[in-house]
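Each chain, written out:
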Amino acid sequence: MISDKTILPPNLRTCIILTLILLLGGVASCTDRQKSMTAYLDRGQVLFEQGDYVKAKLEFKNVLQIEPKSVAAYYFLGQIAEKEQDWKQSFALYTKVVELDPNHYEARLKMGQLYLLGGNIDKAREMVDAVLVSRPEDMDARTLRAMILVREGKETQAVELVRDVLEKDKSQIQAVIVLSSLYLKLGQSDEGEAVLKEGLKNNPDNAVLYLTYAQYAVSRKQPDKAAEMLRKLVIL
């Protein structure tokens with residue numbers, strides 16, 4: 001044990017001082033890097049929520065300069081690429097997220113949606129089933145499973161599944177759209193319109209539902225109803 005009365009050789013004393021400087025400097029450096037990364041991530045998330053995707057993208061790339069394995073940064077960048085309709089880039093970024101975190105269910109569902117968009121039903125099913133194994137009541141996953149059933153020509157099963165989703169969670173906008181579209185496809189347009197009305201009753205500020213209802217009205221040759229929905233959309 002070294003006491004305050006211990007006389008150390010000059011060389012040893014210098015070595016200890018240098019070691020302490022290096023250790024403490026490393027701790028400070030790590031702390032600063034962590035603070036910077038958190039600040040970049042927080043700013044990026046705020047900008048993302050504000051719809052400023054260009055600036056948000058820069059913040060998330062700054063995060064990756066500090067931590068190249070940041071799952072959050074890759075996931076946000078994937079969402080930005082998706083909003084920019086850069087499907088190839090968004091798929092690559094979501095793939096990276098799942099590579100870094102195999103239990104990132106949101107990224108798996110995003111990949112499933114993109115597989116379905118590209119017509120690869122088997123891979124889409126593989127992605128959604130991987131989520132449902134661990135989270136059988138995940139409403140987003142069940143809605144995507146219903147969309148896959150539609151592509152497989154199993155409309156009746158899809159209707160049953162998506163109706164169950166909406167009974168359990170009335171905020172599932174995608175489920176409202178899927179079910180109303182299914183009813184229209186099956187020639188049950190009144191039931192489809194009822195689904196949209198109920199969806200808007202439960203989610204009165206959702207712009208996507210107003211636009212969907214307007215498109216639905218156009219398909220039913222109801223221009224006045226379509227115009228009404230568009231007016232409501234404008235004043236949101």
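Residue indices follow the written sequence of each chain, beginning from 1 at its first position. The predicted origin of the model limits local features to residues at a pLDDT of at least 70 and limits the giving and counting of side-chain atom pairs to 80 or more, whereas totals for whole chains, interfaces and linings rest on all residues. Derived side-chain values reflect all non-hydrogen atoms in the structure, with water molecules and hydrogen atoms excluded from consideration.

**Student:** Is there a simple way to think about the nonpolar core in this case?
**Tutor:** Here is a general trend for soluble globular proteins: nonpolar side chains tend to be buried in one another's company. Definition of nonpolar core: a set of buried residues of the types Ala, Val, Leu, Ile, Met, Phe, Trp, Tyr and Cys, connected through side-chain atoms within 4.5 Å. When a residue's accessible area, from a 1.4 Å probe over protein chains only, is under 20% of the maximum for its type it is buried; when over 50% it is exposed; and in between it is partly exposed. Core analysis: the biggest nonpolar cluster contains 35 residues, and Phe60, Val128 and Ile148 have the highest contact counts within it. Residue contacts for Phe60: discarding those within four places in its chain leaves Leu41, Gly44, Gln45, Phe48, Ala73, Phe76, Leu77 and Ile80. In terms of nonpolar packing, the next biggest core, distinct from the first, is built from 26 residues, Val159, Val176, Val178 and Leu179 among them. Should any heavy atoms of two residues lie within 4.5 Å, those residues are considered in contact.

**Student:** Help me understand helix 8 (residues 155-168), please; the structure alone is not making it clear to me.
**Tutor:** Helical geometry note: an α-helix holds 3.6 residues per turn, so side chains three or four residues apart project in the same direction. For helix 8, spanning 14 residues, the distance from its first C-alpha to its last is 20 Å, which sits close to the expected 20 Å at 1.5 Å a residue. Among the residues making up helix 8, those that are buried are Glu155, Ala158, Val159, Leu161, Val162, Val165 and Leu166. Strands here are runs of E lasting at least two residues and helices are runs of H or I lasting at least four, both read from the DSSP assignment and numbered beginning at the N terminus. By this rule the span expected of a helix is its residue count minus one, scaled by 1.5 Å.

**Student:** Would you take a moment to explain the layout of surface pockets for this structure?
**Tutor:** Picture a little ball the size of a water molecule; that probe, rolled over the atoms, points out where space is still empty. Throughout, the protein atoms alone are placed on a 1 Å grid, and a set of points is a cavity if a 1.4 Å probe fits but cannot get out or a pocket if it is open with protein on both sides within 12 Å along at least five of seven lines; lining residues have an atom within 4 Å of a point. Grid points are joined across faces, edges and corners, and a volume is the space filled by probe spheres set on the points. Each pocket or cavity is described by its volume, and for the largest pocket that value is around 890 Å³. If you go around the largest pocket, you meet 28 residues; those closest to its centre are Gln113, Leu144, Met147, Gln174 and Val178. Sorting the residues of the lining of the largest pocket by element identifies helix 3 (71-83), helix 5 (105-117), helix 7 (139-151), helix 9 (173-185) and helix 11 (207-219) as the ones contributing at least two each. The dominant element in the lining of the largest pocket, judged by the number of residues it contributes, is helix 5, at 7 residues. Of the voids in this model, the second largest pocket is the one considered here, and its volume is about 230 Å³. Forming the boundary of the second largest pocket are Arg163, Leu166, Glu167, Lys170, Val176, Leu179, Glu191, Ala194, Val195, Glu198, Gly199 and Asn202. Those elements that provide at least two residues to the lining of the second largest pocket are helix 8, helix 9 and helix 10 (189-202).

**Student:** Hey, could you run me through the side chain of Arg142 in this one?
**Tutor:** Of note, Arg142 is situated in helix 7. On the basis of relative accessibility, which here comes to 13%, the residue Arg142 falls in the buried class.

**Student:** Whenever I open this one, the pattern of salt bridges confuses me. Can you help?
**Tutor:** Side-chain pairs of opposite charge can arise whenever the charged atoms involved come near each other. The salt bridge definition used is simple: a Lys or Arg side-chain nitrogen within 4 Å of an Asp or Glu carboxyl oxygen. Summed over all chains, the structure comprises 19 salt bridges. Among the salt bridges present, the one from Glu99 reaches Lys96, with a minimum N-O distance of 3.4 Å. Of this pair, Glu99 and Lys96 both sit in helix 4 (residues 87-100), 3 residues apart, which is roughly one turn of the helix. Using a relative accessible area of 57% as the deciding quantity, one classes Glu99 as exposed. Overall, the relative accessible area of 27% leaves Lys96 in the partly exposed class. Notably, a salt bridge pairs Lys225 with Glu228, separated by 3.6 Å at the nearest N-O pair. Separated by 3 residues within a single helix, Lys225 and Glu228 lie in helix 12 (residues 223-234), roughly one turn from each other. Look at Lys225 and you get partly exposed, because its relative accessible area is 24%. Overlapping salt bridges bring together Asp122, Arg125, Glu152 and Lys154 as one network.

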